[in-house]
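Below, each chain spelled out in residue letters.
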Amino acid sequence: MDLRAFIRDIPDFPEPGIVFRDITPLLADAGALDAALEGLAAIARPLKPDVVIAAEARGFLLGAALARELGAGFVLARKPGKLPHDTTSAEYALEYGTDALEVHTDAIAPGSRVLVHDDLLATGGTAGALCALAEQLGGEVVGCAFLIELGFLPGRAALAPHAVHSLIVDAGE
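Overview of the structure. (Residues numbered from 1 in each chain as written. Predicted model: local features only at pLDDT ≥ 70, side-chain atom pairs only at ≥ 80, totals over all residues. Heavy atoms only, no water.)

Our focus in this paragraph is the overall build of the protein. What the protein contains, in helices and strands, is 5 helices and 9 strands. Starting at the N terminus, the α and β elements of the protein follow one another as β-β-α-α-β-α-β-β-β-β-α-β-α-β. The C-alpha atoms of the protein give 15 Å as radius of gyration, which agrees with the globular expectation for 173 residues (16 Å, within 12%). Per-residue burial for the protein yields a buried fraction of 45% across its 173 residues. By sequence separation, contacts in the protein at least 24 residues apart represent 59% of the contacts at least 6 residues apart. Carbon and sulfur atoms provide 54% of the accessible area of the protein, an area that totals close to 7,900 Å². One finds the centroid of the 12 positive side-chain charges in the protein at a distance of 4 Å from the centroid of its 24 negative side-chain charges. (Helix = DSSP H or I, 4+ residues; strand = E, 2+ residues; numbered from the N terminus. Rg over C-alpha atoms; globule rule 2.2 N^0.38 Å. Buried < 20%, exposed > 50% of the residue type's maximum accessible area, 1.4 Å probe, protein only. Contact = heavy atoms within 4.5 Å. Areas by Shrake-Rupley, 256 points an atom, 1.4 Å probe, with all protein chains shown as cover. Lys, Arg positive; Asp, Glu negative; His and termini not counted. Charge placed at Lys NZ, Arg CZ, Asp CG, Glu CD.)

One can find Gly59 in helix H3 (residues 58-70). On the basis of relative accessible area, Gly59 is assigned to the buried category, the value being 0%. Once the C-alpha coordinates of Gly59 and Leu120 are considered, the two residues, 61 residues apart in sequence, prove to be 8.3 Å apart. If we ignore the near neighbours within four places in the chain, the residues touching Gly59 are Ala54, His117, Asp118 and Asp119.

What follows concerns the pattern of salt bridges. Side-chain pairs of opposite charge can arise where the charged atoms are in close proximity. Applying the stated criterion across every chain, the model contains 11 salt bridges. Measuring nitrogen to oxygen at the nearest pair gives 2.9 Å for the salt bridge that ties Asp9 to Arg4. Judged by its relative accessible area of 26%, Arg4 falls in the partly exposed class. Arg45 is paired through a salt bridge with Glu69; the nearest N and O atoms lie 3.6 Å apart. With Arg45 in the loop between helix H2 (30-44) and strand S3 (51-55) and Glu69 in helix H3, this residue pair connects regions lying 24 residues apart in the sequence. Glu69 sits in the partly exposed class, given a relative accessible area of 33%. One salt-bridge network, held together by shared partners, links Arg4, Asp9, Arg21 and Asp170. (Salt bridge = Lys/Arg side-chain N within 4 Å of Asp/Glu carboxyl O.)

So, about the sheet that holds strand S8 (residues 140-150). Sheet strands line up and pair through hydrogen bonds in the backbone, either parallel or antiparallel. In spatial order, the strands read S4-S3-S7-S8-S9; together these 5 strands make up an open sheet with parallel pairing. What marks the edges here is a single partner per strand, and that holds for strand S4 (73-77) and strand S9 (164-170). Shown here is a sheet whose adjacent strand axes are inclined to one another by a mean of 20°, direction ignored. Its contacts with the sheet put H2 on strand S7 (113-121), S8 and S9, and the angle it makes with S9 is roughly 145°. Where helix H4 (residues 125-136) meets the sheet, it contacts S3, S4, S7 and S8, and its direction lies at approximately 165° from that of S7. (Pairing = 2+ DSSP bridges. Axes fitted to C-alpha atoms, helices over the stretch in contact; angles between N-to-C directions.)

Put into C-alpha cells, the structure is as follows:
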C-alpha cells in the first residue's frame with residue numbers, strides 16, 4: 001500500500017515556510033492505519049524492545065498501538081508540568097523553536113530496551129530528546145522508528161549513532 005498517498009501536505013503551517021505533514025487521512029482509513037502499524041511493527045520486532053517511548057501528541061497516536069503490537073510497554077513523554085509524578089526532562093530544538101519533554105522517573109527500568117517512536121522525523125530534536133530521556137533513566141535505545149522521515153533535513157544524522165527506520169522517506173519539500 002502506498003502510505004504516502006494518505007499523507008496530506010499543508011503549506012505554511014504552523015509557520016510560513018513549513019510544510020506540515022498531516023497524517024489524519026491515514027488514521028481515518030482502516031487499511032492504511034493497519035498497514036502503517038504492521039510496517040512499523042515489522043521494523044521494530046527484530047529490535048526486541050521492552051518499551052516504546054513517544055512524544056505527545058502525534059507520537060501517542062501510533063506509539064501506543066505499536067507497543068501493543070510488539071507486546072511492549074508504552075512510555076508517555078509529555079510537555080513540562082503535564083505528568084503527575086516525579087519527572088526528568090530534556091530540552092530540544094524544533095525546526096521553528098525550542099521545547100522540552102518530561103517522563104516519569106520510574107517509566108523506564110535500567111537496562112530496558114527502548115524503541116523511540118514518533119510520527120515524523122525532521123531535524124531530530126524531538127527524537128533526540130526521547131533518546132536522552134531513555135538514556136537518563138538507564139535504558140538502552142535499540143532504534144528509532146518513524147512513519148515519515150523528511151530526508152532533506154538532518155534528523156537522521158542528528159540521531160547518530162542510533163539506528164533510524166522510516167516507512168516513508170520524503171526526499172523533497
